[in-house]
Amino acid sequence: MKFAVLVFPGSNCDIDMYHAIKDELGEEVEYVWHTETDLSSFDGILVPGGFSYGDYLRCGAMANQSNIMAEVKKAADAGKPVLGVCNGFQILTEAGLLPGALLRNKNLKFMCRTIQLKVENNNTLFTNQYEQGQVINIPIAHGEGNYYCDEETLQKLKDNNQIVFTYSGENPNGSLADIAGIINERGNVLGMMPHPERAVDALVGGADGLAVFKSIVKQWRENHVNN
């Protein structure tokens with residue numbers, strides 16, 4: 001499986017994403033600069049965290065105007081897996097690929113620590129290697145991770161089982177309904193605020209995030225290799 005790791009001015013988790021795919025999974029991966037206009041050769045798209053364009057105007061808003069985002073939308077429409085983490089999650093909401101928005105943390109402070117997540121839906125291409133209800137330890141590093149949507153959208157997320165991860169025990173940023181990660185209706189686009197790519201090796205504190213990437217590869221192989 002071949003992954004693209006998008007890189008915007010201000011991205012700072014692209015190397016972590018690259019490491020997770022190349023060194024931990026052993027899959028093919030390339031960095032793709034935001035000015036590129038073709039993602040057709042890639043099987044999966046990874047939108048990393050950081051501070052694209054310095055978070056000017058609104059987190060993810062300027063990145064959404066980059067050339068590459070038209071290709072990300074094409075990839076999503078084609079059913080390819082698209083994962084956005086932290087700033088990547090913000091970019092996906094700005095692009096309309098996921099509903100809702102990410103607001104300033106409730107305490108108005110940047111937070112960087114490991115928190116607990118609960119797997120609310122393990123029947124997705126991003127979570128099939130987890131157990132339903134499993135609690136995992138994943139780092140966060142954000143100032144605007146407070147997920148918000150209107151009541152109608154929230155009910156739709158619940159009805160369609162689109163809430164994939166919730167904060168367990170502590171809600172660090174005030175997110176509505178403790179939401180930490182959601183998928184689109186089709187199930188091939190995931191946005192999450194915590195950083196699974198920073199939790200892929202026990203040597204650096206834990207590997208609970210690795211199953212996100214293993215899940216993607218497993219689903220892809222079942223659909224494209226084993227048939």
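What you are looking at is a predicted structure, and each value in this text was computed from that prediction instead of being measured. (Residues numbered from 1 in each chain as written. Predicted model: local features only at pLDDT ≥ 70, side-chain atom pairs only at ≥ 80, totals over all residues. Heavy atoms only, no water.)

Okay, the side chain of N64 next. In this structure, N64 sits in the loop between β3 (44-47) and α2 (68-77). With near-sequence residues (within four places) excluded, N64 lies in contact with M69, K73, E94 and A95. (Helix = DSSP H or I, 4+ residues; strand = E, 2+ residues; numbered from the N terminus. Contact = heavy atoms within 4.5 Å.)

On to a nonpolar patch on the surface, then. On the surface, Y56, L57 and M62 cluster together into a nonpolar patch covering about 370 Å² of accessible area. Looking at the element boundaries, Y56 is found in the loop between β3 and α2. (Patch = residues over 30% accessible without salt bridge, like charges linked within 9 Å, V, L, I, M, F, W, Y side chains within 5 Å. Areas by Shrake-Rupley, 256 points an atom, 1.4 Å probe, with all protein chains shown as cover. Salt bridge = Lys/Arg side-chain N within 4 Å of Asp/Glu carboxyl O.)

Moving on, we get to helix α1 (residues 14-25). Helix length check: α1 (twelve residues) gives 16 Å between terminal C-alpha atoms against 16 Å at 1.5 Å per residue, within 8%. Buried within α1 are the following residues: D14, M17, A20, I21 and L25. Buried residues of α1, viewed axially, fall in a sector of 130°; they line one side. (Expected span 1.5 Å × (residues − 1). Buried < 20%, exposed > 50% of the residue type's maximum accessible area, 1.4 Å probe, protein only. Arc of directions from axis to C-beta.)

Buried within α2 are the following residues: I68, M69, E71, V72, A75 and A76. Each buried residue of α2 lies within a common arc of 155° when the element is viewed along its axis, so the set occupies one face. Facing away from the buried surface of α2 by more than 90 degrees, the exposed residues are K74 and D77. As for α2, its buried residues are in contact with β1 (2-7), β2 (28-33), β3, β4 (82-85), α3 (87-94) and β11 (189-192). Remark: G79 follows α2 within two positions and exhibits a positive phi of approximately 90°.

The strand order across the open sheet built from nine strands is β2-β1-β3-β4-β11-β10-β9-β6-β7, with neighbouring strands paired in mixed fashion. Two strands lie at the open edges of the sheet, namely β2 and β7 (135-142), each paired on one side alone. Between one strand and the next, the sheet's axes are offset by a mean angle of 25°, whatever the strand orientation. Looking at chain direction, β4 and β11 are connected through four bridges and run parallel. Opposite V85, over in β11, you have M192 as the bridge partner. Lying over the sheet, α1 contacts β1, β2, β3 and β4, oriented at roughly 160° with respect to β2. (Pairing = 2+ DSSP bridges. Axes fitted to C-alpha atoms, helices over the stretch in contact; angles between N-to-C directions.)

This part is about the pairing of strand β6 (residues 111-119). The pairing of β6 with β7 spans eight bridges and is classified as antiparallel. The residue of β7 that forms the bridge with M111 is H142.

For the rest of this paragraph, the subject is the environment of N188. Topologically, N188 is positioned in the loop between β10 (179-183) and β11. Look at N188 and you get buried, because its relative accessible area is 2%. Counting along the chain gives 53 residues from N188 to V135, while the straight-line C-alpha distance between them is 22 Å. If sequence neighbours within four positions are ignored, N188 has contacts with A75, A76, G79, K80, P81, V82, L125 and F126.

Right, let's get into the environment of W220. With respect to the element layout, W220 can be found in helix α5 (residues 210-224). Exposure remark for W220: the relative accessible area of 16% places this residue in the buried category. Separated by 95 residues in sequence, W220 and L125 have C-alpha atoms that sit 8.3 Å apart. Once residues lying within four places of it in the same chain are set aside, the contact partners of W220 are M1, D43 and V225.

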